[in-house]
Each structure stands twice: as structure tokens, then as C-alpha cells.
Amino acid sequence: MDTLTAADLQQILDEIAHAMAAEVDRGAPATYIPELAHVDPSQFGIAMALPGGQVVAAGDAATPFSIQSISKVFMLAIALGRLGDTLWQRVGREPSGAAFNSIVQLEHDKGIPRNPFINAGALAVTDAILKGHQPREVLGELLRFLREAAGDDDIHINRAVAASEQATAHRNTALAEFMAAHGNLKNPTAMTIGTYVHQCAVEMTCEQLARAGRFLAGVPGSPRMVSSARVRRINALMLTCGHYDASGDFAYRVGLPGKSGVGGGILVVAPGRASICVWSPGLNAQGNSKLGAQAMERLARATGWSVFG
Ligand code: DON
């Protein structure tokens with residue numbers, strides 16, 4: 001199936017967008033971040049960045065949405081660049097099999113989060129990047145990284161979404177305080193949480209995120225943001241941990257590394273072939289985009305793409 005042209009892929013995306021428009025059971029947008037609760041669940045977008053800079057897209061692929069936990073992938077890349085393997089003293093690399101915001105697991109693990117993509121792990125990563133830096137410097141670095149990776153300067157933080165999450169960040173504050181009790185949070189909790197809610201509140205379109213993920217897919221012509229050895233490791237973590245307690249299900253159904261966000265986006269990496277972003281705001285029980293996963297399952301079937309052969 002390696003003979004698929006951009007026109008073939010465009011047709012596949014159009015068919016998927018058409019099928020998704022007819023879906024009645026679309027899941028429900030996140031409500032625990034009040035600003036996300038009123039996003040229209042009828043929206044669906046999908047975009048694919050291909051070798052040579054070409055992008056194919058369908059549906060609402062040019063509509064900005066809150067990237068939320070997808071930001072954790074880019075923050076992990078920045079943290080590994082800064083700290084190298086010492087990062088792994090503060091966070092593990094095992095799938096959690098637990099909810100993205102689980103508190104009970106953190107107690108069991110003595111304040112060392114299971115992986116960098118659950119909330120506790122992402123807070124540890126953000127806290128590690130903050131060492132010796134101000135939040136605005138770290139957020140500036142994230143925006144520079146995203147803009148360079150996407151080749152697009154029009155990427156910003158939605159301050160209303162950040163403020164809305166910050167005002168209701170009781171659970172994340174509990175996770176951060178618990179890590180502090182174990183010596184695994186070095187900055188004031190409010191500083192780490194404040195930075196984290198702003199990184200999650202970056203807004204991007206499917207087209208921008210698909211382009212920003214090209215360095216992970218290693219598509220020819222993509223900007224080289226990190227070494228290829230590091231790309232392989234980030235992809236391994238996306239495959240095993242990117243969908244929390246639904247990571248095994250996503251690997252089984254789609255067979256490609258992916259990272260979800262509670263804004264309804266999923267960034268998916270088809271190594272050597274494409275970087276893909278799908279978005280639909282309605283979520284399933286694990287807090288991942290319901291139609292996003294369905295659409296990716298269809299895409300993997302139609303293209304035959306899989307990291308498993
Ligand atoms: O910390 C939170 O709860 C959100 N800012 C991000 C969680 C998230 O995106 C989970 N992913 N599906």
C-alpha cells in the first residue's frame with residue numbers, strides 16, 4: 001500500500017470525515033475545565049502532513065482547539081533536551097493502566113509518576129524544565145518549539161482556558177503537593193501548576209499539529225527538532241502510554257503511536273509516512289476523543305499503516 005498518493009489519502013480523509021459527520025454517539029466534551037465544556041461536539045477535523053511538506057485535510061482541520069495533554073509530548077522533548085536521561089530519576093516509563101489523573105497510583109509509587117504523559121508525570125516534567133527558569137521563559141520555549149516544528153508562527157496560548165483550568169485545578173494541585181511531599185516537586189506548586197495549565201491551553205489546528213509532529217514521524221523534509229534516537233523513544237512512550245488506560249486498546253485498534261488530549265485532539269505518528277492529527281471534542285470514558293479514535297482506526301485500516309508490520 002506504499003503506492004498511496006496524496007490524492008488517494010485525500011479521498012480516504014474525505015470518506016472518514018463524511019462517515020464521522022453521520023455518527024450520533026459522539027461522546028461528551030470535558031466539563032471539569034469549564035472553558036472546554038461549551039465547545040461544539042459536532043465538530044470533526046483531520047489533517048495529515050506528508051513527505052515534502054504537503055498537507056491533506058478534511059472537515060474542521062483549520063479550526064483551533066485546545067491541545068491539552070498533547071503539549072506533554074513537546075514538553076517531554078524539551079525536557080530530554082535539557083536534562084537528558086537524568087529526567088528518568090523523577091518519572092517512570094511504564095504504562096499506568098490507570099486514569100490520567102489518578103491519585104491512588106501516585107501514593108503507591110511513592111511520588112514517582114509512572115510515565116511522563118499521566119498528569120502527575122507531566123507535572124514532574126514541567127517542574128524539571130522550570131529549574132532556574134521563569135514560567136514565561138518555559139512557555140516561550142514551548143511556543144518557539146511548536147512554531148518551528150509546525151513552520152507557523154500563528155500558535156498561541158488561550159489565556160481564558162488556562163485561567164479556567166487554574167481556577168479548578170484541585171486534583172492536579174493534590175498530585176503536585178503529594179509529589180512535593182516526596183521531594184519530587186522542586187518549585188512552588190502554584191508555579192508548576194500555573195506553567196502546566198498554560199502549556200495545556202495552547203491552541204492549534206489539526207493542520208498545525210500535523211505539521212508540528214513531522215519530526216516525530218521523520219517524514220522526509222521535516223525539521224529536525226531532536227535526534228532520531230530520541231524520536232524513537234518518544235514514539236515508544238506515545239505508543240505505550242499516550243492514551244493512558246486506553247493505550248493498549250489504541251495500539252490494538254490503530255497500531256501507531258498517538259497522544260490524546262482532553263480537548264479532543266489526537267496526534268498520531270506513522271513513521272516515515274505521515275504525521276496525522278484528528279480532532280473531535282466529544283470524549284470517551286478514558287478522556288480520549290471518541291470519534292478521533294474511531295477515525296484513526298478507519299485510517300489505519302484504509303492505509304495499512306502500522307508499526308507492527
Ligand atoms: O491536567 C489536565 O487535566 C488537563 N490540562 C490535561 C488532561 C488531558 O488532556 C488528558 N487527556 N486526554
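Residues numbered from 1 in each chain as written. Predicted model: local features only at pLDDT ≥ 70, side-chain atom pairs only at ≥ 80, totals over all residues. Heavy atoms only, no water.

Asker: Whenever I open this one, the environment of G304 confuses me. Can you help?
Answerer: Within the secondary structure layout, G304 lies in the segment after α14 (290-303). Separated by 49 residues in the primary sequence, G304 and G255 have C-alpha atoms spaced 9.7 Å apart. (Helix = DSSP H or I, 4+ residues; strand = E, 2+ residues; numbered from the N terminus.)

Asker: For this particular structure, what's the right way to read the nonpolar core?
Answerer: Among soluble globular proteins, nonpolar side chains are generally buried collectively. Grouped together as the largest cluster of nonpolar side chains are 75 residues, with contacts concentrated most on F74, V202 and F215. By size, the runner-up hydrophobic cluster in this structure holds 30 residues, among which are A17, A58, A295 and A300. (Core = buried A, V, L, I, M, F, W, Y, C linked by side-chain atoms within 4.5 Å. Buried < 20%, exposed > 50% of the residue type's maximum accessible area, 1.4 Å probe, protein only.)

Asker: Help me out: how do you make sense of the packing of aromatic side chains in this one?
Answerer: Here the distance between the centres and the angle between the planes together describe a pair of aromatic rings. Applying the stated criterion across every chain yields a total of 6 aromatic pairs. Arranged with centres 6.3 Å apart and planes meeting at 50°, the rings of F74 and F215 form a pair that is tilted. Here F74 is found in helix α3 (residues 71-83), whereas its partner F215 is found in helix α11 (residues 214-217), with 141 residues between them in sequence. Residue F74 is classed as buried on the basis of its relative accessible area, which comes to 0%. Note on F215: relative accessible area 6%, which makes it buried. With centroids separated by 5.5 Å and ring planes inclined at 75°, the aromatic side chains of F145 and F215 adopt a geometry described as edge-to-face. (Phe/Tyr/Trp six-rings, centres within 6.5 Å; stacked < 30°, edge-to-face > 60°.)

Asker: Is there a simple way to think about the packing of helix α5 (residues 119-130) against helix α9 (residues 189-200) in this case?
Answerer: A packed helix pair is summarised by two numbers, namely the angle formed by the two axes and the spacing between the axes. Between α5 and α9, whose axes approach to 9 Å, the crossing angle comes to 110°. Viewed along their axes, α5 and α9 adopt a mutual orientation that is roughly perpendicular. Here α5 contributes N119, A122, L123, T126, D127 and L130 to the contact with α9, which in turn contributes M191, T192, I193, T195, Y196 and Q199. Residue classes in the contact of α5 with α9 are distributed as 6 nonpolar, 5 polar and 1 charged. (Axes fitted to C-alpha atoms, helices over the stretch in contact; angles between N-to-C directions. Parallel < 35°, antiparallel > 145°, perpendicular 65-115°, else oblique. Contact = heavy atoms within 4.5 Å. Nonpolar A, V, L, I, M, F, W, Y, C, P; charged D, E, K, R; others polar.)

Asker: Please explain unusual backbone geometry as it appears in this structure.
Answerer: Trans peptide bonds make up most of the peptide bonds, and negative phi angles are found at most residues other than glycine. Positive phi, normally seen in glycine, also occurs at Q68, with a value near 45°. Position of Q68 among the secondary structure elements: in the loop between β3 (65-66) and α3. Of the residues examined, Q68 reaches a relative accessible area of 3% and is grouped as buried. We note that K110 has phi near 55°; this positive angle belongs to a residue other than glycine. Within the secondary structure layout, K110 lies in the loop between α4 (104-108) and α5. Among the residues examined, K110 registers a relative accessible area of 58% and is labelled exposed.

Asker: Please clarify how the packing of α3 against helix α12 (residues 228-241) should be interpreted in this entry.
Answerer: Following both chains from N to C, one finds α3 and α12 inclined at 140°, their axes separated by 11 Å at the closest point. Viewed along their axes, α3 and α12 adopt a mutual orientation that is oblique. Seen from above, α3 lies across α12 with right-handed handedness. Facing V73, L76, A77, L80 and G81 of α3, the residues of α12 in contact are R230, I234, L237 and M238. Split into classes, the residues belonging to the contact of α3 with α12 amount to 7 nonpolar, 1 polar and 1 charged. (Left-handed = near helix turned anticlockwise from the far one by under 90°.)

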